[in-house]
Number of protein chains: 2
Amino acid sequence: MAGTPKTLTVELGERSYPIVIGEGLLDQAAEYLKQVGVPSKSPLLIVTDDHVAPLYLDKLVDVLTAGGYRVASAVVPAGESSKSLAAYDQLITRAIEEGLDRSSAILALGGGVVGDLAGFVAATYMRGIRFVQVPTTILAHDSSVGGKVAVNHPLAKNMIGVFHQPELVLYDVETLRTLPPREVRAGLSEMVKHGLIWDRDFAYWCQEHAPRLLDLDSEALAYGLEKGCAIKAQIVSRDERENDLRAILNLGHTLGHAIEAVAGYGQFLHGEAISVGMAAAARLGEERGAAGLYAETTAMLEALELPVTLPADMDTDALMAAMQRDKKFREGQMIFVVPLEVGRVEIAGDVKAEAVQSVIERLKA
Amino acid sequence: MAGTPKTLTVELGERSYPIVIGEGLLDQAAEYLKQVGVPSKSPLLIVTDDHVAPLYLDKLVDVLTAGGYRVASAVVPAGESSKSLAAYDQLITRAIEEGLDRSSAILALGGGVVGDLAGFVAATYMRGIRFVQVPTTILAHDSSVGGKVAVNHPLAKNMIGVFHQPELVLYDVETLRTLPPREVRAGLSEMVKHGLIWDRDFAYWCQEHAPRLLDLDSEALAYGLEKGCAIKAQIVSRDERENDLRAILNLGHTLGHAIEAVAGYGQFLHGEAISVGMAAAARLGEERGAAGLYAETTAMLEALELPVTLPADMDTDALMAAMQRDKKFREGQMIFVVPLEVGRVEIAGDVKAEAVQSVIERLKA
């Protein structure tokens, strides 16, 4: 992995942007910002969380300051509970106080929570300013690509948000070395998802290389992140605003979001919840004719040490109600991403609520 | 005015939309919604205020219900204080509770405050759903066209927002008959602004027909609204996201927003504040060489019974500070729209803070 960083491009016409993946990229952050046209006259705001701040914030501030930027920073509590309107309000106030103007950029240093929150601030501050993602988790290889930014509502996840593409994703894989093992596993959940929806070989590759991935082996990780980002970028380029194709990225997410909301944000990590959701989707797929799909899928997830069952006491009715509040419910129909085989899915509008209910019951450990 | 409604189109490629202006359009609201593709399977949410609700809400609900729509409504207190994150949060909650989905539409029935607030909800609910403007004020001929939606931050106006174009603007001029005289005057402020920035003849027309406009004469009003909307639509079509040209629409707004913030939202109506702002801009223009411009401009504003002075006790330093927090301040420069003559303005990046300060002092009554 060491050596030259890899650059992928998310092709979105005038909103196209680069994803740079490599080791030690934080050291070159100022150069990368200049390359994408972030001016040094206007102040920057780095948003991060209290897990990441002690590890990388000072370094990033120093590097950017040395590069001629004026830099402010804001630290939110780690975890999904920071994706709230209250945290959003505080960051907007902070941005005003620090004098951010229309030429300023907001940098998200951290995982999906920080990226989604900071991105929503950037998207709505003065009707939208520049946004740069500096992911420090595996999960963020998914969330930092594609421009979906949002905060949660107590009643439903990601309910408040917009599409706002970053100017740059700067992925320094050295930062992954400090990830707690549980977050490593949860991050791999989105990685294997990209295989499950789009690339059969990549899904099997993830299973085969699970021990190396869990061990943060440089070479395996680099390949997996690049491949995952590339699949996501391809899909987003074809359907930026989720009119049709992009919805396949939601495999496991309809139930996954409901699990997160019902268990209380933070009880299940996002990657864990969607792992269970993908197991449920595989079961649905099998019931609709894909023989052996459930065993095949759960074997992959379990190789990555991801959960595929629900606690016995989780309230099925509450999960069903949460799913009906989900964004993927439209004009009275439940929209479900259902796998046809490993590497291929369909967006099914005809899934019956009873079928989902029965699958949930069978997932309970 | 009676008879066939007029339809203008805001040309924005795939985001183009019609502005329909006419009498009795509320009665045909369901047909117009169907024409622009709002499906009847998903619930609608009408947002209005407690001044407009008693006058037109029941009627609009009845018409839409008769047309096959499921309709919920939310009433906010009239006035600028409803353009807050708190009111926004309540409306998002309401939308979730009423089961709005990605195919739903949010209708803004009212003036600029309701339009900006409801529009920001529509723009960010599930990352953006359909939005329909049903303006009931003269001012809204400006605010309902162009897709700027926002709420205020206690430190600065319209600080939190995005661009989100409506599907339709349905302008029933019958609703203007119930406007309080102060709001009529304030609305005419944006109308004459469209003349001052773009169309010399229209500016003089507003002055000449001021008595008829203030009297809500059907024919004069119809012409003025159509012309105002048409000018705004032309400018927005050329520069949707305010990269350059669109900024001329901000004539009077840099100081105007500061007056609103410093006086406390609601003390000055928006149209009143920008009238004072346009007087200030004319004075700046005259100081930069446009002989006679101040007298010419204030005569127009005074013909429309609009204020052109500031209270003697208004704090100049507070106004200056508020202007520096404004969105139109960028990379350390104050950006000011300065008139060159009636009907033509420039966007000046070289206006000195001292010049603005001195103009403010001279505006004090």
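Residues numbered from 1 in each chain as written. Chains lettered and ligands numbered in written order. Predicted model: local features only at pLDDT ≥ 70, side-chain atom pairs only at ≥ 80, totals over all residues. Heavy atoms only, no water.

1. Regarding the packing of helix H6 (residues 181-198) of chain A against helix H7 (residues 200-208) of chain A
All names here are of chain A.
And step 1. Remark: H6 packs on H7, axes separated minimally by 6 Å, with the N-to-C direction vectors making an angle of 145°. Here H6 runs over H7; the crossing is left-handed. Of H7, the residues touching H6 (which contributes Met191, Val192, His194, Gly195, Leu196 and Trp198) are Arg200, Phe202, Ala203 and Cys206.
And step 2. Considered class by class, the residues forming the contact of H6 with H7 number seven nonpolar, two polar and one charged. (Axes fitted to C-alpha atoms, helices over the stretch in contact; angles between N-to-C directions. Helix = DSSP H or I, 4+ residues; strand = E, 2+ residues; numbered from the N terminus. Left-handed = near helix turned anticlockwise from the far one by under 90°. Contact = heavy atoms within 4.5 Å. Nonpolar A, V, L, I, M, F, W, Y, C, P; charged D, E, K, R; others polar.)

2. Regarding the sheet that holds strand S1 (residues 6-10) of chain B
Residues and elements named next belong to chain B.
And step 1. Strand order across the open sheet formed by seven strands is S1-S2-S9-S6-S5-S3-S4, with mixed pairing between neighbours. Since the sheet does not close on itself, it has two edges, and those belong to S1 and strand S4 (71-76), each with one partner. Averaged over all pairs of adjacent strands, the angle between their axes in this sheet comes to 20°, without regard to strand direction.
And step 2. Note that strand S5 (residues 105-110) and strand S6 (residues 130-135) share six bridges and pair parallel. Across the sheet, residue Leu107 finds its bridge partner in S6, namely Val132.
And step 3. Across the face of the sheet, helix H4 (residues 112-124) comes into contact with strand S3 (44-49), S4, S5 and S6 while running at roughly 170° to S5. (Pairing = 2+ DSSP bridges.)

3. A few points about the sheet that holds strand S5 (residues 105-110) of chain A
Residues and elements named next belong to chain A.
And step 1. Read from one edge to the other, the open sheet built from seven strands follows the order S1-S2-S9-S6-S5-S3-S4, with strand pairing classed as mixed. Since the sheet does not close on itself, it has two edges, and those belong to strand S1 (6-10) and strand S4 (71-76), each with one partner. Within the sheet, the average angular offset between the axes of one strand and its neighbour, ignoring direction, is 20°.
And step 2. Both strand S3 (residues 44-49) and S5 contribute to a ladder of four bridges, which runs parallel. The partner of Val47 across the bridge, within S5, is Ala108.

4. Examining the relation of the copies chain B and chain A
And step 1. Placing chain B over chain A gives an RMSD of 0.0 Å and needs a rotation angle of 180°, together with 0.0 Å of translation along the axis. These values place the two chain copies in the arrangement generated by a two-fold rotation axis.
And step 2. Interface overlap between copies: 100% of the residues of chain B at the interface are likewise at the interface in chain A, consistent with a symmetric, same-surface contact. (Least-squares fit on C-alpha atoms with pLDDT ≥ 70 in both.)

5. Examining the environment of B:Glu260
All names here are of chain B.
And step 1. Residue placement: Glu260 occurs in helix H10 (residues 253-263).
And step 2. With a relative accessible area of 1%, Glu260 lands in the buried category.
And step 3. C-alpha separation for the pair Glu260 and Glu272, spaced 12 residues apart in sequence, amounts to 9.2 Å.
And step 4. Side chain to side chain, Glu260 and His270 meet in a polar contact 2.9 Å long. (Buried < 20%, exposed > 50% of the residue type's maximum accessible area, 1.4 Å probe, protein only. Polar contact = N/O pair within 3.5 Å; in protein donor to acceptor, adjacent residues only side chain to side chain.)

6. Focus on the packing of aromatic side chains
All names here are of chain A.
And step 1. A full pass over the atoms with the stated rule returns eight aromatic pairs over all chains.
And step 2. Between Phe202 and Trp205, the aromatic rings sit 5.8 Å apart at their centres with planes inclined by 15°, giving stacked as the arrangement. Within this pair, Phe202 and its partner Trp205 are both found in helix H7, separated by three residues, close to a single helical turn.
And step 3. On the accessibility criterion, Phe202 (2% relative accessible area) is buried. (Phe/Tyr/Trp six-rings, centres within 6.5 Å; stacked < 30°, edge-to-face > 60°.)

7. Overview of the domain arrangement of chain A
Residues and elements named next belong to chain A.
And step 1. Examined at the domain level, chain A breaks down into domain 1 (6-178) and domain 2 (184-363).
And step 2. With 31 residues of domain 1 in contact, the opposing surface of domain 2 contributes 33 residues.
And step 3. Note on domain 1 versus domain 2: buried area summed over both sides is about 3,000 Å², and carbon and sulfur give 63% of it.
And step 4. Three residues, Ile138, His141 and Lys157, lead the burial of domain 1 against domain 2; their summed loss comes to 23% of the area buried on that side. (Domains from an automatic or database assignment. Buried area = accessible area lost by both parts, 1.4 Å probe.)

8. Observations regarding the side chain of B:Arg127
And step 1. Among the structural elements, B:Arg127 can be located in the loop between H4 and S6.
And step 2. The side chain of B:Arg127 sits in the buried core without any salt bridge; A:Asp116 is the nearest counter-charge, 5.5 Å away. (Lys, Arg positive; Asp, Glu negative; His and termini not counted. Salt bridge = Lys/Arg side-chain N within 4 Å of Asp/Glu carboxyl O.)

9. Some points on unusual backbone geometry
And step 1. The backbone of B:Leu216 shows a phi angle near 60°, a positive value even though the residue is not glycine.
And step 2. In this structure B:Leu216 comes out as buried when scored by relative accessible area, which is 16%.

10. With respect to the environment of B:Ser144
Residue and element names in this part refer to chain B.
And step 1. Looking at the secondary structure, you find Ser144 in the loop between helix H5 (140-143) and strand S7 (148-153).
And step 2. Sequence separation between Ser144 and Asn243 is 99 residues; the distance between their C-alpha atoms is 20 Å.
And step 3. At a separation of 2.6 Å, a polar atom in the side chain of Ser144 contacts the main-chain carbonyl oxygen of Ala140.

11. So, the pattern of salt bridges
Two side chains bearing opposite charge may form a pair once their charged atoms approach each other closely.
And step 1. By the definition in use, this model includes 50 salt bridges over all chains.
And step 2. The partner of A:Glu80 in a salt bridge is A:Lys157, and the shortest N-O contact between them spans 2.9 Å. Of the two residues, A:Glu80 sits in the loop between S4 and helix H3 (85-97) while A:Lys157 sits in strand S8 (residues 156-163), which places them 77 residues apart along the sequence.
And step 3. For B:Lys59, the salt bridge is made with B:Asp27, and the minimal N-O distance between the two is 3.3 Å.

12. Examining the interface of chain B and chain A
And step 1. With 40 residues of chain B at the contact, the number on the chain A side is 40 residues.
And step 2. Together chain B and chain A conceal approximately 3,400 Å² of surface at their shared face, both sides included; 59% is due to carbon and sulfur atoms.
And step 3. Across the salt bridge formed by B:Arg102 and A:Glu242, the nearest N and O atoms sit 3.1 Å from each other.
And step 4. At the boundary of chain B and chain A, one finds 12 residue pairs in polar contact (both at pLDDT 80 or more).
And step 5. When residues of the side of chain B that touches chain A are traced back to their parent elements, those giving at least two are helix H3 (85-97), H4, S7, strand S8 (156-163) and strand S10 (329-330) of chain B.
And step 6. Residue contributions to the side of chain B that touches chain A peak at seven residues, all from H3(B).
And step 7. Grouping the constituent residues of the side of chain B that touches chain A by class yields 17 nonpolar, nine polar and 14 charged.

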